[in-house]
Amino acid sequence: MKKRLLNCTDCGDDTSILSQVSSGPELILLCSDCYNLKYSKEVQNEIYYEEKEKEKN
């Protein structure tokens, strides 16, 4: 039986703590740096979008 090593899906890092970001059958794990980079950009985009909506009203 082969042992499956877990690593970050984006960068391949296997030394840091990984966060699971998927809920489906495919396992997606991100290291803390990739997680923060991906999700901080999404939050910034949401804030920017909400500010644009406020300006229109």
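Residues numbered from 1 in each chain as written. Predicted model: local features only at pLDDT ≥ 70, side-chain atom pairs only at ≥ 80, totals over all residues. Heavy atoms only, no water.

Caption draft 1: Structural detail: the overall build of the protein. Summing up its helical and strand segments, the protein has 1 helix and 2 strands in all. The 57 residues of the protein split such that 11% are buried. In the protein, once contacts between residues fewer than 6 apart in sequence are set aside, the share between residues at least 24 apart is 5%. Total accessible area on the protein stands at roughly 5,300 Å², and carbon and sulfur atoms take up 50% of it. (Helix = DSSP H or I, 4+ residues; strand = E, 2+ residues; numbered from the N terminus. Buried < 20%, exposed > 50% of the residue type's maximum accessible area, 1.4 Å probe, protein only. Contact = heavy atoms within 4.5 Å. Areas by Shrake-Rupley, 256 points an atom, 1.4 Å probe, with all protein chains shown as cover.)

Caption draft 2: Looking closely at the packing of aromatic side chains. Taken as a whole, this structure holds 1 aromatic pair when the rule is applied. Taking the centre distance of 4.7 Å and the plane angle of 45 degrees together, the rings of Tyr35 and Tyr39 count as tilted. Residue Tyr35 and its partner Tyr39 are located together in helix H1 (residues 32-56), separated by 4 residues, close to a single helical turn. (Phe/Tyr/Trp six-rings, centres within 6.5 Å; stacked < 30°, edge-to-face > 60°.)

Caption draft 3: Region of interest: the confidence of the model for the protein. Summarising the model, the protein shows a mean pLDDT of 79, and 70% of its residues fall at 70 or more. Here H1 stands out as the least confident element of the protein, with mean pLDDT 74; strand S2 (residues 29-31) is the most confident, with 91. (pLDDT = per-residue confidence, 0-100.)

Caption draft 4: Representation of the state of the cysteines. Per the stated rule, a full pass over the model turns up 0 disulfides. Cys11 provides the cysteine sulfur closest to Cys8, a residue in no disulfide bond, and the two sulfurs are 3.7 Å apart. On the accessibility criterion, Cys8 (3% relative accessible area) is buried. Lacking any disulfide linkage, Cys31 is separated from the closest cysteine sulfur, that of Cys34, by 3.6 Å. (Disulfide = S-S within 2.5 Å.)

Caption draft 5: Inspection of the side chain of Ser22 at higher detail. In this fold, Ser22 is placed in the loop between strand S1 (18-20) and S2. Looking at Ser22, its side chain comes within polar contact range of the main-chain nitrogen of Ile28, at 3.0 Å. (Polar contact = N/O pair within 3.5 Å; in protein donor to acceptor, adjacent residues only side chain to side chain.)

Caption draft 6: Geometry of the environment of Ser19. Mapped onto the elements, Ser19 comes out in strand S1. The class of Ser19 is partly exposed, set by a relative accessible area of 29%. Other than its neighbours up to four places away in sequence, Ser19 contacts Ile28, Leu29, Leu30 and Tyr35.

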